[in-house]
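# Architecture and fold: a report
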Amino acid sequence: MKEVRKAFEVIPDGQSAPIGYQKIPCHMIFDIKFDLTRKARLVLNGAKHEVPKEMTFSSVVSRDSVRIAFTLAALNGLDILAADIQNAYLSAPTEERLYVIAGLEFPPDLRGRPAKIVRALYGMKSSGARFRDHLAASLRDMGYVSCKADPDVWMKAATKADGTKFYSY
C-alpha cells in the first residue's frame with residue numbers, strides 16, 4: 001500500500017464524498033509467483049462503472065515492428081536494452097472521476113474516509129490507455145517521435161561515439 005498511496009487523494013476528515021465522483025469498490029489480490037516471491041495488488045472493480053470506449057482503447061507495438069527493430073539493431077551493431085516499469089499504471093494520471101471508501105488496506109487513520117482516485121490503478125477500464133498516453137508524452141519530452149508505420153514505435157536521431165549517425169528506437 002505504500003506504493004499505491006500516491007494514487008489517492010484522501011478527503012479531509014469530516015467531509016463527505018466528492019461531488020460528481022462515482023464510488024467504486026476495491027479489493028486486494030495476493031499472488032505467489034513461480035519463483036515463490038509474493039505480490040499483493042490493490043485492484044478496482046472496473047466492471048462496476050461505465051466508461052466511454054474511446055477512453056479505454058490502448059494500442060500495442062506489433063510483433064513485426066519488434067522483429068524489425070531487433071534486426072536493425074543486429075545489422076548496425078547496436079545494443080538492445082529492456083526495462084520493467086514498476087507499478088507502471090501509478091505513474092499515469094487518470095481522467096475518470098472515481099472514489100473509494102478507505103478500507104482495511106489503508107492505514108488506521110484513513111479507514112472509513114472517502115479517497116479520490118487520481119492515478120490509474122489496476123482494474124480501471126481506462127488504465128492501459130492512460131498509461132500509454134503518459135508514456136507517449138514522456139517519450140515526446142525526451143525528443144522521440146512516433147513512427148508513421150507503427151505509432152507505438154518511437155525513434156530519435158542519435159550519434160555513436162565514433163560519429164556514426166543512427167536512430168535510437
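First things first, this report covers the structure right here in the doc. The structure presented is a predicted model; accordingly, all values stated were derived computationally and were not measured.

Moving on, we get to the sheet that holds strand E2 (residues 22-23). On the basis of which strands lie adjacent, the open sheet formed by four strands has the order E1-E6-E5-E2 and mixed pairing. Pairing within the sheet leaves two strands with one partner each, and these edge strands are strand E1 (8-10) and E2. Sheet topology note: the strand E5 (residues 98-101)/strand E6 (residues 114-117) ladder contains three bridges and is antiparallel. Its bridge partner being in E6, Val100 is matched across the sheet by Ala115.

The way to describe two aromatic rings as a pair is by their centre distance and the angle between their planes. Inspection of every chain in the model, using the stated rule, returns four aromatic pairs. Here Tyr89 and Tyr122 contribute two aromatic rings whose centre-to-centre distance is 4.7 Å and whose plane-to-plane angle is 35 degrees, an arrangement assigned as tilted. Of this pair, Tyr89 sits in the loop between helix H1 (63-75) and E5 while Tyr122 sits in the loop between E6 and helix H2 (127-141), and the two are 33 residues apart along the sequence. Taken together, the ring pairs in this structure connect Tyr89, Tyr122 and Phe131 into an aromatic cluster.

What follows deals with the layout of surface pockets. Of the pockets and cavities examined, the largest pocket occupies roughly 1400 Å³. Lining the largest pocket are 35 residues; nearest its centre among them are Leu81, Ala82, Asp152, Trp154 and Tyr169. Those elements giving two or more residues to the lining of the largest pocket turn out to be H1, H2 and strand E9 (165-168). Across the lining of the largest pocket, the residue classes tally to 23 nonpolar, seven polar and five charged. Space inside the second largest pocket adds up to approximately 240 Å³. Looking at the second largest pocket, it is lined by 15 residues, and the ones nearest its centre are Glu3, Val4, Ala40, Arg41 and Asn87. Per-class residue counts for the lining of the second largest pocket are eight nonpolar, two polar and five charged.

Time to look at a nonpolar patch on the surface. There is a patch of nonpolar side chains on the surface, built from Val60, Val61, Val66, Phe70 and Ile80 and spanning about 430 Å² of accessible area. Mapped onto the elements of the fold, Val66 is located in helix H1.

Quick notes on the rules
Residues numbered from 1 in each chain as written. Predicted model: local features only at pLDDT ≥ 70, side-chain atom pairs only at ≥ 80, totals over all residues. Heavy atoms only, no water. Pairing = 2+ DSSP bridges. Helix = DSSP H or I, 4+ residues; strand = E, 2+ residues; numbered from the N terminus. Phe/Tyr/Trp six-rings, centres within 6.5 Å; stacked < 30°, edge-to-face > 60°. 1 Å grid on protein atoms, 1.4 Å probe; cavity = no way out; pocket = protein on both sides within 12 Å on 5 of 7 lines; lining within 4 Å. Points joined across faces, edges and corners; volume = space filled by probe spheres on them. Nonpolar A, V, L, I, M, F, W, Y, C, P; charged D, E, K, R; others polar. Patch = residues over 30% accessible without salt bridge, like charges linked within 9 Å, V, L, I, M, F, W, Y side chains within 5 Å. Areas by Shrake-Rupley, 256 points an atom, 1.4 Å probe, with all protein chains shown as cover. Salt bridge = Lys/Arg side-chain N within 4 Å of Asp/Glu carboxyl O.

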